[in-house]
Every structure is written in structure tokens, then in C-alpha cells.
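# Observations on the three-dimensional arrangement
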Amino acid sequence: MSTSDLNTTLVVVGAGMAGFATALQAAQDGHEVILLEKLSETGGSSAMCGGCLAFAGTDLQRANGVEDSSELLFKDLREVGKFENDESLVRAYVDNQLDTYEWMKQAGVQFGPHIETSSGQSVPRVHNVDPADAVRALAASAKRTGKVRLLTETRALRLIRDPQNGRVVGVTAEHNGETFKVLGSRGVVLTSGGFVQNAELIHRYAPQYNDESAVFIGGAGNEGDGLKMALQLGADCRDMIYIKGTYGKHPTDETNHHSLLAVYKGAIAVNQDGKRYVDESISYKLLGDACIQQPYSATFQIFDQPIFDSGDNQTRILDIERRHEEGLVIQADTLEELAGMIEVPAEVLIDTVNTYNGYVDAGSDPDFGREHLVHQHGALVKIETGPFYAYPSTAAVYGTYCGLCVDTGMHVLDVYGERLPGLYAAGEVVGGLHGAAYMTGSALGKAAIFGRIAARTALAG
Amino acid sequence: MHVAVLLAGVADPRKLLPRPASGDWRKLPGETSVSYKLSPFDEAALEIALKLRDQGAAARVTVIVTDGANDLALLRAVAALKPERVLGLCPPAAQRGNPAWLARHASDLLRDGGAWPDLILIGREHGDLDDGMAAAYLAEAWRLPYVGLALQVQPHADGGWTLLRSGAQQDESLRVPAPAMASISNDKSNRLRHPLMKNVALAKQLKFEQAAPDAAQPAALVSLAQAAPVEAGARGTQACRMFTGSPEEQAAALAAYLRAPASTH
């Protein structure tokens, strides 16, 4: 052992929401933690995301007159994941979500007063936070315990196993060119995020996504480090084929990285030919996949003034007004003029809108089967009152939503379904919760929820 | 009507300058590996030209890119907005920011059969090395009527232009005959539109004209003797300081920090 090696109880790799949730939970339970972050700044993708967390049965929902329950959340998560997700992991999320919501509040996370409905939700369930502030709040709470040592600009390189029993006992790490070991008596929790910044790896699993067709946005450190370290030990993965971009990212704007989902307020999505191509109420991940297959991998959300006015400036993905102020929404007095501005055939766009409006009147969409604004929520509205708007949209890969197989205690599993002793994972590096698609707020939610579970399991083991 | 826009890229501040393949930093400005972006002033000039075409006041828009002319991504970004013509005119390293060089070499490119475009627009600063004199110098050299710091342009039925600008005390409207030249400042009204993805894709298939500097022109007396990258500021070497306590305590701490000599920070 080198003099520069470090010893602690639990080693946590990656200082985003999952990393700090793990570290804070472990510290609150009385244990020492070393938290490694390869970048100079903490927060990762968590700090850059839309700030939505999916919880059910909260005081905030009740204050907003929303009736929700763990069972409805479970049902929605399973449905939106097309039952491809791991039922036991969904159950672990659901069973621990309400407690985690309260725990986050106690840790200083500030939730906005407003509740919204978004992808995959039957009822309003989006709990809003400023994501960077939320991570900072957990970080500050962790620091106050005096038990969490954060090492930034320190990259975990490889997992270390006990040569006698194969148990994971730490990592090799590198800081300022020096390599050393960080050893944890209770093992290692990988909270290193996904691999959204590794386009080559994404393309390997999801060939339709590449630098030409999609936008990749996420933490600069999300290159798949933790995934690769676990794979080297024989870990198994799941949901890899379900990597999808999120619909609603402006394809050529470089200043606002967030998606806009005017479709969830009643807009339709049309391609460069002026035609609809999808049921716009489905998960924005499925919308992203549908979009990427359209000409030029980009489409337009088309809406009118009442839909514009129904936008919600408390929820980033529904904040139409802000995008308009940023000059990203194309506006015209008539559909014909709008068609000219977005270079689609005017007669086709007008026919598409008129046909859709007829479906709304008839209560049936024979083309794509759209029945609601979003998932199973909200009555459809016609697009008929100018001015009319178009929001250019493509799919942005914000996260990979797939990764290591874990059990309900966040033990990492090998390709035979057996635990890799001493190795745990939480957050985006974990696969199995989302399945085929994704409910808004479940990624940031699982970071916090699974991080706490991982800490408790590791420390109990 | 023919509207021309002179653009000069500015080095993309989000990207590190690459070491020139030759190792000679004097070669850097013309290297294809350097990423350039349009300045807000250039973006505004281009947007005004495109608006004039949208309104039917301009039949065609020509864009000449000087600094950054060898950056294919910059040329494609401009072409994706569908001006009728985009061409590059890369100045020698020592002539960047020299309006005299530009006046000599751009005039033939701008004129069609000897006729000036009806309007020439240029950002109020032309690239990283212009101190703001390029626009007026060019207008004087080309003997074109000139308006500086315009924000909007409106066509006139008689073929001239009305240029709007905001002065220190008042908004102004100036009339000029065509052909004319204007430097453009930026505001919300002339924010550059975003290209459609369709046109981004199509622009990737285009090949761009590159104008060769006129060999008949007298040789420049200025040459770039030496160049070296600026030492990067050591971001993060000074620890951030978080003010805590009540708002009053934080305000007092901030005030004390600001009053203290910089050397003590």
C-alpha cells in the first residue's frame, strides 16, 4: 500500500445527485465516505437537467388538488416502460419515493410550488427544483456531517478486488498525474452517470443516433467510466437498446439546452413534408425516436395562440413563452405563411391541421390514435386561432437511461444474475428502471432514491 | 436589388486554439482547424439582409466571409441561411483588421459588372482585430454614402434606403440613396434567425468559392513577424469565496471584499 492511498468506509464514484444522495445517506448513518469526482465541478448531468422529480402522494400534490398514489405511480412507470422494465426495481422506486421526497426537503432541497403533468404521467406529478441548487443543497448537507470527503479532479480508473475473495474493495484513482488507491471497507458505489458524452458508445447500442442525427447534451464527465469499470468485472446491462433522445430540443440553438414539449399542451408534430407522423401524447423518448427517423431528423411542433397561452413558465419543458422570447419560436399570422417560413408545402400543412382538427371534433384520431394531451391526461384541443407557431425540434440525448443490472438493494449483478460482492450502483449508470421509455422526473428521482438505497445496503452488508 | 454583407468570423471562445500543424503560430489565423463564430454585429447585419429579401426588397444576398474563410463550418452555417452566394476572402495574417487591404481586395468581388450592390452591410466591428474603423474606411474608400450603427433598414420605392438607429438621446432615421453602406449594431429586432435542419443538411453538400487575393496589388508592407499563444489565465487558481449569514452580513462581507485592494483577494 502506497502512502498516498486512502481508506474510508464507502467509496462513491461520481458527484452528481446520486453520488451526493449516497454520500449524505451514508454519512447520516454515521459512516465515513470518500466521494470522487473527476471534474473540477460537481453536479454532473443532474445539475444540467430539467429539474423534474416524479413523486406521488406528496403534500405539494395535495396542495395543488392532485390525487395520486404509489400504486398509480407504479402502474404509470410500468406502462410507460412498456413493461420492459424490471418490476422489482420499479417497486423499489415506488416504495422509497415518498420518504426520499421528505428526506430531500429536510436536506435543504427547495421544491417549487407548482405541479405539472409531463411524459408518462396520468396525473400532475412533476415536482420542480432548480437542479443545480438541489445538488448543492445535498452537497452542503453532506459537508455539514463532517464525514464526507469530496475529491474533485480525481478520476476513478479501475475497480480493485480482494485477491482472496473477489470482493470489490476500492478503486484506483488519478489526481494531478498521481495514481493511488481509494479503499472502502464496505465497498464501492458507482454513481458515475451515463455515457451521453461518448457518442461512439451510444452509436454502438443505438445505431440511429450519431453526431449527424442527434444532439448530445449532458454532464461533461458522462463518458461511461463506471459502466466500463463494472463491465470489466463481468457486470450485466439492460435497457441498452432503448437509448433514445428526448424530443423537443431546438436543433440549431446552442444556448437553451432544454426540450420544449408544446405537444403536451396540444400541439401536433409534423415533419418537413408537413405531415404528422406519431401520436404526440406518448413519452418524449418515444417521440424522440420517431423524430430521428423523419427527414433531416428534425420536425416541427405546430400550435396556435391558445396553446401558446396554456404554456407553463414554471416548468421548463412547457415554457413556450421563454422560447418565444429567445427567438426560437417561429410565428406567423396564417398557417400558409407559417408553412413558407418553415419551408413545408403550405397545402399539406393546412390539410394536416384541418384533418387533425376534424379528429379532435370527432373524438378519434384514426391516423395515430392520439386520445390525450399527454399519456392519459388532458382533452385534445384544435389548432385554429392565429397567430400560429412552429417550434423546430429534434431529439436530444440528455441521458442514456440504461446501464448496469442491479437488484433492489443496488448490488451490481453479473451476467449470471449473481451479485458482484462489494459493488453497488445508483443513478444514471443503472439500467432496468425505465425499460422502453421514460417518465419525466424518474431519472433525477432514481438518482436520489437509489443512491440512498445503495448506501444503506452497502453499509448493512 | 442586391444586398451584400461583409462578415468576419471571431475565434470561437468556447474552443481552444489548436496548435498549427506546422508548429508556426503565425499560420494559425488561416488554418482550417480554427473554429470561428459570427459576432452579434455580423449576425445582425446578415439578419437585416435576409429580412430585406423576405420583404421582397432584395432579390439576392451575397455574403463575403473574410476572417474564418477557411473554416468550413462557418461557411456552412452562413450558407444554411440561404443567401444566394457565399464566398471566402481570407486575408493574410498580417492584414486581418486592415481595412485598406479589404478595400482593395473586396471591391471587385462585390461589384457586378462594375456596379456596386444597392446596399453593403457590415458589422460595427469586423472580426477580432477591427477597432471599429473598417466600416467607415471602406465606405470612404469606395465613395459610398455611409451610416454607422444602424439597427434596421427599410427600402424606399425610389431605390434608396431608410436606416434606423438609436442615438444616445433619441432614435434616428436616416435616408441614403443606393448604393450605400452601413455598419450594423445589434439589438433584439435583428437577432439572427436559426437555420432549418433541412438547410443545415443541404449546406453540408455545398462547395464554396474562395477568392484569391489580387496578385496585381502591391505587396503589403506589413508582415507577421512572430506569434505565440497567450498564456491562459489560470481559472480556478483563486479560491471562490462563499458569503454566508444574513443578507445584511453577506452584503457587508461583499462590500468589504470589493473595497479591499485587489492584491489581497
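Residues numbered from 1 in each chain as written. Chains lettered and ligands numbered in written order. Predicted model: local features only at pLDDT ≥ 70, side-chain atom pairs only at ≥ 80, totals over all residues.

### Observations concerning the overall build of chain A
Each helix and strand counted, chain A has 13 helices and 21 strands in total. At 22 Å, chain A has a C-alpha radius of gyration in line with the 23 Å of a compact globule built from 461 residues. When its C-alpha atoms are laid out on the principal axes, chain A stretches across 75 × 45 × 40 Å. Buried residues in chain A amount to 58% of all 461 residues. (Helix = DSSP H or I, 4+ residues; strand = E, 2+ residues; numbered from the N terminus. Rg over C-alpha atoms; globule rule 2.2 N^0.38 Å. Buried ≥ 20, exposed ≤ 12 C-beta atoms within 10 Å, placed from the backbone.)

### Regarding the overall build of chain B
Scanning chain B for helices and strands turns up six helices and 12 strands. Overall, chain B is about 70 × 50 × 40 Å in size when its C-alpha atoms are taken along their principal axes. When each of the 265 residues of chain B is scored for burial, the buried share is 37%. Within chain B, contacts between residues separated by at least 24 positions form 71% of all contacts whose residues are at least 6 apart in sequence. (Contact = placed C-beta atoms within 7 Å.)

### Quick notes on the sheet that holds strand β4 (residues 52-54) of chain A
Residue and element names in this part refer to chain A. What the three strands build is an open sheet, ordered β4-β6-β5; its pairing is antiparallel. Every other strand in the sheet has two partners, leaving β4 and β5 (115-116) as the edge strands with one partner each. Sheet analysis places β4 next to strand β6 (residues 126-128), joined by three bridges and oriented antiparallel. Each bridged residue has a counterpart across the sheet, and for Cys52 the counterpart in β6 is Asn128. (Pairing = 2+ DSSP bridges.)

### Comments concerning unusual backbone geometry
Cis geometry is adopted by the peptide bond preceding A:Pro387, which originates at A:Gly386 and carries an omega value of 0°. Position of A:Pro387 among the secondary structure elements: in the loop between α12 (346-362) and β18 (388-397). A cis amide bond, omega 0°, links B:Ala178 with the succeeding residue B:Pro179. By the element assignment, B:Pro179 lies in the loop between β10 (171-176) and β11 (180-184). Of note, the phi angle at A:Ser297 is positive, near 55°, even though the residue is not glycine. Counting through the fold element by element, A:Ser297 comes out in the loop between α8 (284-292) and β16 (299-304). With 22 C-beta atoms packed within 10 Å, A:Ser297 lands in the buried category. Positioned with a positive phi, A:Met410 is a non-glycine residue whose angle comes to about 70°. A count of 30 C-beta atoms within 10 Å places A:Met410 in the buried class.

### Looking at the nonpolar core
Of all hydrophobic cores here, the largest spans 215 residues; its most connected members are A:Leu138, A:Val189, A:Ala425, B:Val5, B:Ala49 and B:Leu121. The biggest single contributor to this core is helix α13 (residues 442-460) of chain A, with 10 residues. Inspection of this core shows a minimum of three residues originating in each of domain 1 (6-197 + 398-460) and domain 2 (246-397) of chain A. Setting aside chain neighbours within four positions, we find A:Leu138 in contact with A:Met17, A:Phe20, A:Ala21, A:Leu24, A:Ala107 and A:Val109. (Core = buried A, V, L, I, M, F, W, Y, C linked by C-beta atoms within 7 Å. Domains from an automatic or database assignment.)

### A short note on helix α5 (residues 131-145) of chain A
Residues and elements named next belong to chain A. For α5, with 15 residues, the first-to-last C-alpha span of 22 Å sits near the 21 Å given by 1.5 Å per residue. Every buried residue of α5 is accounted for by Pro131, Ala134, Val135, Ala137, Leu138, Ala139, Ser141 and Ala142. Packed against the buried residues of α5 are α1 (17-28), β7 (148-151) and α13. One or two positions beyond α5, positive phi appears at Gly146, with a value near 75°. (Expected span 1.5 Å × (residues − 1).)

### Remarks on the domain arrangement of chain A
All names here are of chain A. In terms of domain boundaries, chain A breaks down into domain 1 (6-197 + 398-460) and domain 2 (246-397). Spacing between the C-alpha centres of domain 1 and domain 2 amounts to 33 Å. Across the contact, 20 residues belong to domain 1 and 21 residues belong to domain 2. Taken together, the residues of the side of domain 1 that touches domain 2 sort by class into eight nonpolar, 11 polar and one charged. (Nonpolar A, V, L, I, M, F, W, Y, C, P; charged D, E, K, R; others polar.)

### Thoughts on the environment of A:Ile307
Mapped onto the secondary structure, A:Ile307 falls in helix α9 (residues 305-309). Apart from the residues lying within four places of it in its own chain, the contact partners of A:Ile307 are A:Ala262, A:Lys265, A:Gly266, A:Ala267, A:Val381 and A:Ile383.

### Some remarks on the confidence of the model for chain B
In the predicted model, chain B carries a mean pLDDT of 89, and the fraction of residues at 70 or more is 93%. For this predicted complex, the interface confidence reaches an ipTM of 0.78, while the overall pTM sits at 0.77. (pLDDT = per-residue confidence, 0-100.)

### Structural notes on the packing of helix α4 (residues 87-106) of chain A against α13(A)
Residues and elements named next belong to chain A. It is the contact of α4 with α13, at a shortest axis distance of 9 Å, that shows an interaxial angle of 95°. One element, α4, and the other, α13, form an angle in the roughly perpendicular class. Contact with α4, carried on its side by Ala92, Tyr93, Asn96, Gln97, Thr100 and Met104, involves Gly445, Lys446, Ala448, Ile449, Arg452 and Ile453 of α13 and no other residues of that element. Residues belonging to the contact of α4 with α13 are distributed by class as follows: six nonpolar, four polar and two charged. (Axes fitted to C-alpha atoms, helices over the stretch in contact; angles between N-to-C directions. Parallel < 35°, antiparallel > 145°, perpendicular 65-115°, else oblique.)

### Quick notes on the sheet that holds β10(B)
All names here are of chain B. Read across the open sheet, the three strands follow the order β8-β9-β10; overall the sheet is antiparallel. Of all strands in the sheet, those with a lone pairing partner are β8 (152-155) and β10, marking the two edges. On average, each strand axis in the sheet is inclined to that of its neighbour by 20°, with strand direction left out of account. As judged from the four bridges shared by β8 and strand β9 (residues 161-166), these two strands associate in the antiparallel manner. Across the sheet, Gln152 pairs through a bridge with Leu164, a residue of β9.

### Some points on the pairing of β16(A)
Two faces belong to every sheet, and in a regular strand the side chains alternate between them. Residue and element names in this part refer to chain A. Of all the six residues making up β16, six are buried; the element is thus mostly covered by neighbouring parts of the structure. Residue alternation in β16 divides its side chains into two sets, Thr299, Gln301 and Phe303 and Phe300, Ile302 and Asp304, and both sets are buried. Direction of pairing for strand β15 (residues 268-270) relative to β16: antiparallel, over a ladder of three bridges. Bridge pairing links Val270 to Phe300 in β16.

### Section: the packing of helix α3 (residues 70-80) of chain A against α4(A)
All names here are of chain A. Orientation of α3 relative to α4, taken along the N-to-C sense of each, is 145°, at an axis distance of 10 Å. Note on packing geometry: the crossing formed by α3 with α4 is right-handed. In contact with Ser70, Leu73, Phe74, Leu77 and Arg78 of α3, α4 contributes Glu87, Val90, Arg91, Tyr93, Val94, Gln97 and Leu98. Residues that form the contact of α3 with α4 fall into these classes: seven nonpolar, two polar and three charged. (Left-handed = near helix turned anticlockwise from the far one by under 90°.)

### Quick word on the environment of A:Leu231
Tracing the backbone shows A:Leu231 in helix α7 (residues 225-232). Taking the C-alpha atoms as reference points, A:Leu231 and A:Glu178, separated by 53 residues in sequence, lie 25 Å from one another.

### Looking at helix α2 (residues 72-79) of chain B
Within α2(B) the residues assigned to the buried category are B:Leu74, B:Leu75, B:Ala77, B:Val78 and B:Ala79. In this structure, the buried residues of α2(B) make contact with β1 (2-7), β3 (36-37), β4 (60-65), β5 (85-88) and α5 (197-203) of chain B.

### A look at the environment of A:Tyr356
All names here are of chain A. Counting through the fold element by element, Tyr356 comes out in helix α12. Between the alpha carbons of Tyr356 and Gly445 there is a distance of 35 Å; along the sequence they are 89 residues apart. Discounting residues that sit within four places of it in the chain, Tyr356 has contacts with Ile268, Arg276 and Ile383.

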